[in-house]
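Each chain, letter by letter, is given below.
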Amino acid sequence: MINSTPFSAARDSARQSRRPVRRSALALAAVLLLSGAAAQAQTAAPAEGAMLRLIRGLMASGTLSQDAGQALLAQAQAEALALRPAAAPAGALRPEPGDVRVPYISQTVREQIRDEVKGQVMAQAKAEGWAAPNETPEWSKRIRVTGDVRVRNESRFYSGNNSDIEVNWNGVNEGAGYDVNRNTNLSLPPLLNTTQDRRNSWRSRARLGVLADISETTQAGIRLASGNDDSPVSTTQTLGGGLKKKDIWLDQAWLSFKPLSWLTLTGGRFSNPFVSTDLLFSNDLNMDGVAARAEHALPGRDLSLFGSLGLIPLEYSSDSAPSRSRAKMASQNKWLLGAQIGATWQANSENRLRGALAYYDFRNISGELSAPCALYAGADGCSSDWSRPATMQKGNSLMLLRDIMRDPLNPANTRQPQLVGLAAEFRPLDLNLRWDSKVAGGKDLRLEANYLRNLAYDADKIWQRSGGAIVNKLGGEGDGRADFKSGGSAYQMQATLGKSETLARGDWNVQLGYKYIQPDALPDGYNDSTFHLGGTNARGYYLGAAYALDKKTSFNARWTSSKEVYGAPFAVDTLQLEFNAAF
């Protein structure tokens, strides 16, 4: 049953808030009616007591001011005395029963009464935001709607020299595992396409957000977005699919509080709080958890400082794993801890330099070899299954996670369904530099550089962690330590000529960049999904251009060309043509 009490209380409150307006409107109507009647009929008057009581009632309710009321009262009393019956002169008409005399109210008094009542009514209407011209309710002024729509034509061109065995390891982990025993399984694992071009794929992206200024210090935001799946690095939706309806995902949901003018605290699901490029974090990536961002401009100097802290939960292990076991697994949580400091220096009107240094600690995301597990006897998974990555693209060094026991009655034919995990640990140090200047008659020029080094990278420790069970050895043909090739560094350089953001009609830019990402410089699950089709172990260049056809409406073109750093050959070129609009 719905409790109607709150609704009744709200309705009573609304009625009470409207009573002054109604009283004022009724009073105005009564006075105007009387004054109009007085102007047209001089031969009748209401009973003396009724007129006086009406005026005193208007004064008591506050509709008439004391000064105006007293003047009107005195005039009414005087006119009442003047209109008392007297001896009629010979031949004069005598009042008949039922005749009413209306006292005359001067034009000046009528206008004063009308203006006072009208002023009170309009003042209250304006305060409540329902009668002033072009006004909207107060709450609507604190709500903003934002969004953007993109339509993209995308083509992918693969090299004819590519290896045709690029395992989709994320697909392996999403299932029950891949049986590596050739006696019981002769099929290949799920493979990525590396040879067949994909031309003229039509794709789109739509995002719609609502921002609320709750108070001067508190804000909230919600955003919905399209997407093929729940990938954290892309909100792009491939069209087609039999013209089926497309999915909508919760892309952002956050609250922020500003306890100090220079400090903002945010919690929920929010945009990336760190200054970064898509070398490490995709531009579409949002983060969960809590973050703090500080900004402070030094007085009297063209220098401002900023910094960010983030506590980002990446994944929690299941509360009920193993699902078919009375003995449950202890809680295992994966985290990203991030800290960044930086500064922006306005050297002069044409030159601005920004630098930022960040340290990220990806905790508990590396794979672990399980305790011996007897899957043949009905065991519900193995002890380290939780350590498989929650999301993957490709490129990182991977290891087998399960130590699967063999059936002593049939060891050769015991199934070995394996899962894979990250063989490296990740604690990247990230340096970002950006210089904005003017060249060639005042055109904007932006130069950017990003260098990243995984301070936790150690090839020997990676090999030891895996127990020699690295499954994508990224070099060589054997199975030994000497065949393992990887690295822990990455960098990106980019130059942009023209407006960095094409917001006004006629704005344009051209862009040139180069990326180099060794396999274990960073987790492959969170960076740009276009370059090399996502992940690490990639190097190559990209070109781009944009032109604003109208306000916040632009046409963009981008070409990327990349290939592997180590391992089997895999090269791909991607062309993207886009029409973008934001509001």
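Per chain, residue numbering runs from 1 following the sequence as it is written. In keeping with the model being predicted, local features are shown solely for residues with a pLDDT of at least 70 and side-chain atom pairs are shown and tallied solely at 80 or more, while totals for entire chains, interfaces and linings include all residues. Here the side-chain values reflect all heavy atoms present in the structure, with hydrogen atoms and water set aside.

Asker: I keep staring at the overall build of the protein chain and nothing clicks. Help me out?
Answerer: Along its length, the protein chain carries 6 helices and 21 strands. Note on definitions: a residue-residue contact is assigned when non-hydrogen atoms from the two residues lie within 4.5 Å. In the protein chain, the share of contacts with a sequence separation of at least 24, taken over all contacts with a separation of at least 6, comes to 64%. Shrake-Rupley sampling with a 1.4 Å probe provides the accessible areas, and residues are treated as covered by the protein chains on show and by no other component. Split by element, the accessible area of the protein chain, about 31,900 Å² in all, is 56% carbon and sulfur. Strands are runs of DSSP state E lasting at least 2 residues, helices are runs of H or I lasting at least 4, and numbering of each runs from the N terminus.

Asker: Whenever I open this one, the environment of Gly513 confuses me. Can you help?
Answerer: Locating Gly513 in the fold gives a position in strand 18 (residues 508-517). To sort residues, take the accessible area from a 1.4 Å probe on protein chains only and compare it with the maximum for the residue type: under 20% means buried, over 50% means exposed, and anything in between is partly exposed. According to the relative accessible area criterion, Gly513 is buried, its value standing at 6%. Separated by 31 residues in the primary sequence, Gly513 and Gly544 place their C-alpha atoms 8.8 Å from one another. With residues near it in sequence (within four places) discarded, Gly513 still touches Met493, Gln494, Gly540, Tyr541 and Tyr542.

Asker: Sorry, what's going on with unusual backbone geometry here?
Answerer: Leave glycine aside and you will find that most residues have negative phi; peptide bonds, for their part, are mostly trans. In this model, Ala321 is joined to Pro322 through a cis peptide bond whose omega is -10°. Among the secondary structure elements, Pro322 is positioned in the loop between strand 9 (303-316) and strand 10 (333-348). At Leu533, a residue that is not glycine, the phi angle is positive and equals roughly 60°. Phi is positive for Asn537, which is not a glycine, with a value near 55°. One can find Asn537 in the loop between strand 18 and strand 19 (538-550). We classify Asn537 as buried; its relative accessible area is 8%.

Asker: Would you mind showing me how to read the state of the cysteines here?
Answerer: Two cysteines, two sulfur atoms, one covalent bond between them: this is a disulfide. Working definition: a disulfide is two cysteine sulfur atoms within 2.5 Å of each other. One pass over the structure, following the stated rule, counts 1 disulfide. Shown here is the disulfide that connects Cys373 with Cys382, its sulfur atoms set 2.0 Å apart. Linking Cys373 and Cys382, the disulfide has an S-S dihedral of approximately 65° and is accordingly described as right-handed. Cys382 carries the same exposure label as Cys373, and that label is buried.

Asker: Would you mind going over the packing of aromatic side chains with me for this structure?
Answerer: How two aromatic rings sit relative to each other is set out by the distance from centre to centre and by the angle between their planes. The pairing test for Phe, Tyr and Trp rings, Trp by its six-membered ring, is centres within 6.5 Å, and the orientation test on the planes gives stacked under 30 degrees, edge-to-face over 60, and tilted for anything in between. The tally for this structure, following the rule as stated, stands at 9 aromatic pairs. Note on Tyr158 and Phe570: the rings are 6.4 Å apart at their centroids and 20° apart in plane angle, and the pair reads as stacked. Here the residue Tyr158 occupies a position in strand 1 (residues 143-158), and Phe570 occupies one in the loop between strand 20 (553-563) and strand 21 (571-582), the gap between them amounting to 412 residues. Summarising the aromatic geometry, the rings of Tyr491 and Tyr516 are spaced 5.4 Å apart at their centres and angled 20° between planes, so their arrangement reads as stacked. With Tyr491 in strand 17 (residues 489-498) and Tyr516 in strand 18, this residue pair connects regions lying 25 residues apart in the sequence. Classification of Tyr491 as partly exposed rests on a relative accessible area of 30%. What makes Tyr516 buried here is its relative accessible area of 19%. Taken together, the aromatic side chains of Phe274, Phe281 and Tyr360 make up a single cluster linked through ring pairs.

Asker: Quick question: what am I supposed to make of the nonpolar core here?
Answerer: Buried together is how nonpolar side chains tend to be arranged in soluble globular proteins. Put simply, a nonpolar core is a bunch of buried Ala, Val, Leu, Ile, Met, Phe, Trp, Tyr and Cys residues held in one set by side-chain atoms that sit within 4.5 Å of each other. One finds Phe281, Met287, Tyr360 and Phe362 to be the most contacted residues of the largest nonpolar core, which totals 41 residues. Going through the elements one at a time, helix 5 (169-174), strand 8 (286-297), strand 11 (351-363), strand 12 (398-400), strand 14 (420-422) and helix 6 (459-466) are the ones with two or more residues in this core. Setting aside its immediate chain neighbours within four residues, Tyr360 contacts Phe274, Val275, Leu280, Phe281, Leu336, Leu337, Gly338, Gln340, Phe426, Arg427, Pro428 and Asp430.

Asker: Can you walk me through the side chain of Asn153 in this structure?
Answerer: Along the polypeptide, Asn153 turns up in strand 1. Beyond its immediate chain neighbours, meaning those up to four positions away, Asn153 contacts Asn200, Ser201, Trp202, Leu575, Gln576 and Leu577.

Asker: Which parts of the structure should I look at to understand the pairing of strand 19?
Answerer: Residues in a regular strand point their side chains to alternate faces of the sheet. Two strands pair when backbone bridges link them, and strand 18 and strand 19 are joined in this way by 10 bridges, in the antiparallel orientation. In the strand pairing of strand 19, Val510 is matched with Ala545. As paired strands, strand 19 and strand 20 are joined by 11 bridges and run antiparallel to one another. When the bridges of strand 20 are listed, Arg539 appears paired with Lys563. Paired strands, as defined in this entry, are two strands with at least two bridges between them according to DSSP. Hairpin connection, strand 19 to strand 20: the antiparallel pair is bridged by 2 residues, and Lys552 has positive phi, about 55°.

Asker: Help me understand the pairing of strand 1, please; the structure alone is not making it clear to me.
Answerer: With 13 bridges joining them, strand 1 and strand 3 (residues 198-213) adopt antiparallel strand pairing. By the bridge assignment for strand 3, Asn153 is matched with Trp202. Bridging between strand 1 and strand 21 involves 11 bridges; their strand directions are antiparallel. The residue bridging Arg156 from the neighbouring strand is Thr574, located in strand 21.

Asker: It is not clear to me how helix 6 should be interpreted in this structure. Could you clarify?
Answerer: The complete set of buried residues in helix 6 reads Ala459, Ile462, Trp463 and Ser466. An end-on view of helix 6 places all buried positions within 95° of arc, on one side of the element. Residues Lys461 and Gln464 are exposed on helix 6 and point more than 90 degrees away from its buried face. In protein, a polar contact means a hydrogen-donor-capable atom and an acceptor-capable atom, both N or O and within 3.5 Å, with residues adjacent in sequence counting only if both atoms are side-chain atoms; elsewhere, any N or O pair within 3.5 Å suffices. Its side-chain oxygen placed 3.0 Å from the backbone nitrogen of Asp460, Asp458 serves as the N-cap of helix 6. Positioned one or two residues after helix 6, Gly467 has a phi angle of 65°, which is positive. The arc in question is the one traced by the directions running from the helix axis out to the C-beta atoms.

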